[in-house]
Amino acid sequence: MDSVSWRGRAARPARARVAAVMVVAMLAAAAVVTGPGRAAYAIITRADTWASGLVAGVEVASNLNTTLVAAVNAADGRVVVRNVDTGVTNPIGRPADSSAVRRLAVSAAEVYALLANGAVYHFDSATRVWQHLRDGMVDLLASRDGTVSLDPNTLGQLHPFLYGVDRDGGVWRQVGQSWTLIGSGAGVGSLAERGWFGRTSLYELNSARTLVQEWGGAPGSWVPIGGMAKSITANQNFVLVTSNSGQPMTYLDAPFKWASWAVPAGATVPFAAGGRAILGERSMYYRTATGELFGIRGPSGLPGIVVVTPWWHLAASTVDSVAPHQPVRGDADATVLRHEGVAVETTWGSIDLAAVSFAAPDAVQGEDYHAAVAVVTDWTGWFGATVLSGTLPPGITAGADHTGHLLLSGRATAAGSFAATLRLWDDVGAVRDLPITVVVQPPGGVVITSDDTVNPTSGIELGNCLRSRVPMHVLVRNATRDESWSEIAGSPVPVQLDAAGVCRAGAGSGVRWPTVPADLIEVVALDTAAPQCAGRVDPSVLGCVAMRRWITGSPGLPTDFRVVTG
């Protein structure tokens, strides 16, 4: 069989780490969301079973850099490789050694086996032969980093690094055909790697489970960063340990600075001794001491973990191991090995949007408000929305109707600018996040955003609340007499938006121009910062005009006050 057919996706480019201050915000506890006719907690099952009769005691091998996973067949001890993207499963045999496979490791397109006798083998996909690499090892980690081939025959091919832990707790690194001892004396128990190709960091938890260290990049350059922990895991952005009490804790990129994950109110995720957290690319799984599996997700297309509510109960039966891999169709991002030797893919649904307006229309304090800010075209079961972070204006709530419209409605009780991230969810754990900003204007004043019609009045006063925050030029001309444009006294009008985006313009604070009775007057307000205006004070350039109005004067009528927002 051609070896290419079971290769995973190519390695992804490096991604920048998320700043620690962002991590702290992401770790905030979230409330369980509920919706019409929907329980706050639900068991979800997934049916993509691709193998049975596997050795439950050998964890499925995976890597966030690839769509390959590997497992061991219980009947004959042979290794099977699954490309979860294409759905192709291939047996690749086993090393020519009587010792059983104890652990597997995979990289972008490579498979490694650690045997019970400490021997390490590599499967050569070109020759389909297992090659002996080294003896005396007790653990393996296939890196997401490596070197790129300059050989014309294999130009651009990634040759991943391989890390191994020897019987004395020393850490070795393989580059090409050579091995280098990069750490010793700490009694390393397990390894984890954060980052992507070209930007990875290596971490270790010692065998006594009392010390977490980060490798400085040179042999022996290990820096202590944490204390007692049960297990360690990492993805492209975060390093996470599970404490002895079963509490997940995220490293905040400073020695001995860690943040705990809080159990969402009302959720039944049993953080307890014996539990273990496992990071995926944009998800986190929690396996309890009894083998139940829970999971949370981050938003599609974004790196790292953002708290999702609720925690989904993915499996009630005994799960032996969870192997996160590169997400594929349906957002499947991990292979679960059950106690009975069955391998199952965890998949999440999707939420698709037909139309999205991230800029919600302004509200006015004390007035009814109703805005449809998104139309959802694909969801499963019940569909709902909640505020994930930030705040909506007091009196304004987010909701969803049965036709898939995300709605903001209510009556704002306070003026100001309010930013929030709304989370859409459905019954199979699919999520979609929308950042929304709603500006609530104080009562009084009429917002003008486009041309207006002729309106009897004895004068007009304009306030400047242009979102571009530039001085507003106001020009007039007598259309009846076909006169030229002239800028009125007091123009340009200073910006009257405060730092929060709230308009503070009021009657008497703008620029006023009295009309001439019986004549038709054209008034324009210019936004010189508009993209098509380029700083010009010219009413003939349509891109400059934020407001245009024709008025005709009548003695005794009140002056018309308007606010221009652009």
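Quick caveat, the model's predicted, so the values are computed rather than measured.

Brief notes about the confidence of the model for the chain
Put simply, the chain has an average pLDDT of 77, and 75% of its residues get 70 or more. Per-residue pLDDT, averaged within each element of the chain, yields its smallest value for helix α1 (residues 20–26) (25) and its largest for strand β6 (residues 111–115) (95). With pLDDT under 50 throughout, residues 1–47 is counted as low confidence; its partners more than four residues away or in other chains account for 123 contacts. Per-residue pLDDT stays below 50 along residues 299–309; that stretch engages in 49 contacts with residues further than four places along the chain or on separate chains.

Here's the deal with the side chain of Arg548
Examined against the element boundaries, Arg548 turns out to sit in strand β43 (residues 545–553). Here Arg548 falls in the buried class, since its relative accessible area comes to 10%. Only 2.7 Å separates the side chain of Arg548 from the side chain of Glu522, close enough to count as a polar contact.

Digging into the side chain of Gln174
Here Gln174 is to be found in strand β11 (residues 171–175). Every residue in contact with Gln174, bar those within four places of it in the chain, is listed here: Leu133, Phe161, Leu162 and Trp179.

Focus on the environment of Leu115
Counting through the fold element by element, Leu115 comes out in strand β6. Sequence separation between Leu115 and Ala100 is 15 residues, and the spatial gap between their C-alpha atoms is 5.6 Å. Not counting residues within four places of it along the chain, the set of residues in contact with Leu115 comprises Pro95, Asp97, Ser99, Ala100, Val101, Arg102 and Tyr121.

What to know about the sheet that holds strand β20 (residues 258–260)
Ordered by their spatial adjacency, four strands build an open sheet running β17-β18-β19-β20, and the pairing between neighbours is antiparallel. The open sheet terminates on both sides in strands that have one partner only, identified here as β17 (231–234) and β20. Strand-to-strand twist across the sheet, computed as the mean angle between neighbouring axes with direction ignored, equals 30°. In this structure, β17 lies alongside strand β18 (residues 239–242), joined through four bridges in antiparallel fashion. Across the sheet, the residue bridging to Ser231 is Thr242, located in β18.

With respect to the environment of Val476
For Val476, the location among the structural elements is in strand β39 (residues 473–478). Here Val476 falls in the buried class, since its relative accessible area comes to 5%. Residues Val476 and Val524 lie 48 residues apart in sequence; the distance between their C-alpha atoms is 6.4 Å. Each residue touching Val476, except ones within four places of it in the same chain, is listed here: Ser484, Trp485, Ser486, Ile488, Trp513, Ile521, Glu522 and Val523.

Let's talk about the layout of surface pockets
In this structure, the largest pocket encloses a volume near 940 Å³. What lines the largest pocket is a set of 40 residues, among which Glu59, Arg103, Leu141, Leu191 and Arg276 lie closest to the centre. Among the secondary structure elements, those contributing two or more residues to the lining of the largest pocket are β5 (101–106), β9 (137–148), β13 (188–196), β17, β21 (276–279) and β25 (319–324). Within the lining of the largest pocket, the residues separate by chemical class into 22 nonpolar, seven polar and eleven charged.

Notes on the pattern of salt bridges
Scanning the entire structure with this criterion turns up twelve salt bridges. Its salt-bridge partner being Asp482, residue Arg477 comes within 3.5 Å of it at the nearest N-O pair. According to the relative accessible area criterion, Asp482 is exposed, its value standing at 61%. A salt bridge links Asp498 to Arg504; the nearest nitrogen and oxygen atoms lie 3.0 Å apart.

Focus on the pairing of β5
Examined bridge by bridge, β5 and β6 share five bridges and lie antiparallel to one another. Bridge pairing in β6 places Val106 opposite Val111. With antiparallel pairing between neighbouring strands as the criterion, β5 and β6 make up a hairpin whose turn holds four residues.

What about the nonpolar core?
Counting 19 residues, the largest nonpolar core has Ala360, Tyr369, Val373, Leu406, Leu408 and Ile436 as its most contacted members. When residues of this core are traced back to their parent elements, those giving at least two are β30 (368–378), β33 (405–411), β34 (416–426) and β35 (431–441). For Ala360, the contacting residues outside a window of four places in its chain are Tyr369, Val373, Leu408, Ile436, Thr437 and Val438.

With respect to the state of the cysteines
Scanning the entire structure with this criterion turns up two disulfides. The disulfide bridge from Cys465 ends at Cys503, spanning 1.8 Å between sulfur atoms. The sign of the 75° torsion about the S-S bond sets the Cys465-Cys503 disulfide as right-handed. Residue Cys465 is found in the loop between β38 (459–464) and β39, and its partner Cys503 is found in the loop between β40 (486–487) and β41 (511–514); the two are separated by 38 residues along the sequence. Accessibility assignment for this pair places Cys465 and Cys503 in one class, buried. Paired through a disulfide, Cys533 and Cys544 show a sulfur-sulfur distance of 2.0 Å. Its S-S torsion of approximately 100° makes the covalent link between Cys533 and Cys544 right-handed. On the criterion of sequence distance, the pair formed by Cys533 in the loop between β42 (520–526) and β43 and Cys544 in the loop between β42 and β43 is long-range, its members being eleven residues apart. In this structure Cys544 comes out as buried when scored by relative accessible area, which is 0%. Within the chain, bonded cysteines paired by disulfides and numbered along the sequence follow the pattern 1-2, 3-4.

Observations concerning the sheet that holds strand β2 (residues 68–72)
The antiparallel open sheet is built from three strands, whose spatial order is β2-β3-β4. Each end of this open sheet is capped by a strand with a single partner; those strands are β2 and β4 (88–93). Going from strand to strand, the sheet's axes swing by 25° on average, the running direction of each strand aside. Both strand β3 (residues 79–83) and β4 contribute to a ladder of five bridges, which runs antiparallel. Bridging from a neighbouring strand, Val79 pairs with Gly93 of β4.

Concerning the packing of aromatic side chains
Under the counting rule described, the total for this entry stands at five aromatic pairs. Relative to Tyr251, the ring of Tyr203 has its centre 6.4 Å away and its plane inclined at 70°; by these criteria the two rings are edge-to-face. Highlighted residues: Tyr203 in strand β14 (residues 199–206) and Tyr251 in strand β19 (residues 248–251), separated in sequence by 48 residues. You'll find Tyr203 and Tyr251 in the same group, each marked buried.

Side note on the pairing of β21
A regular strand carries its side chains on alternate faces of the sheet. In the sheet, β21 pairs with strand β22 (residues 283–287) via four bridges, with the strands oriented antiparallel. Considered in β22, the bridge of Ala277 is made with Tyr286. Joining the antiparallel neighbours β21 and β22 is a turn of three residues.

Rules behind the numbers
- Residues numbered from 1 in each chain as written.
- Predicted model: local features only at pLDDT ≥ 70, side-chain atom pairs only at ≥ 80, totals over all residues.
- Heavy atoms only, no water.
- pLDDT = per-residue confidence, 0-100.
- Helix = DSSP H or I, 4+ residues; strand = E, 2+ residues; numbered from the N terminus.
- Contact = heavy atoms within 4.5 Å.
- Buried < 20%, exposed > 50% of the residue type's maximum accessible area, 1.4 Å probe, protein only.
- Polar contact = N/O pair within 3.5 Å; in protein donor to acceptor, adjacent residues only side chain to side chain.
- Pairing = 2+ DSSP bridges.
- Axes fitted to C-alpha atoms, helices over the stretch in contact; angles between N-to-C directions.
- 1 Å grid on protein atoms, 1.4 Å probe; cavity = no way out; pocket = protein on both sides within 12 Å on 5 of 7 lines; lining within 4 Å.
- Points joined across faces, edges and corners; volume = space filled by probe spheres on them.
- Nonpolar A, V, L, I, M, F, W, Y, C, P; charged D, E, K, R; others polar.
- Salt bridge = Lys/Arg side-chain N within 4 Å of Asp/Glu carboxyl O.
- Core = buried A, V, L, I, M, F, W, Y, C linked by side-chain atoms within 4.5 Å.
- Disulfide = S-S within 2.5 Å.
- Phe/Tyr/Trp six-rings, centres within 6.5 Å; stacked < 30°, edge-to-face > 60°.

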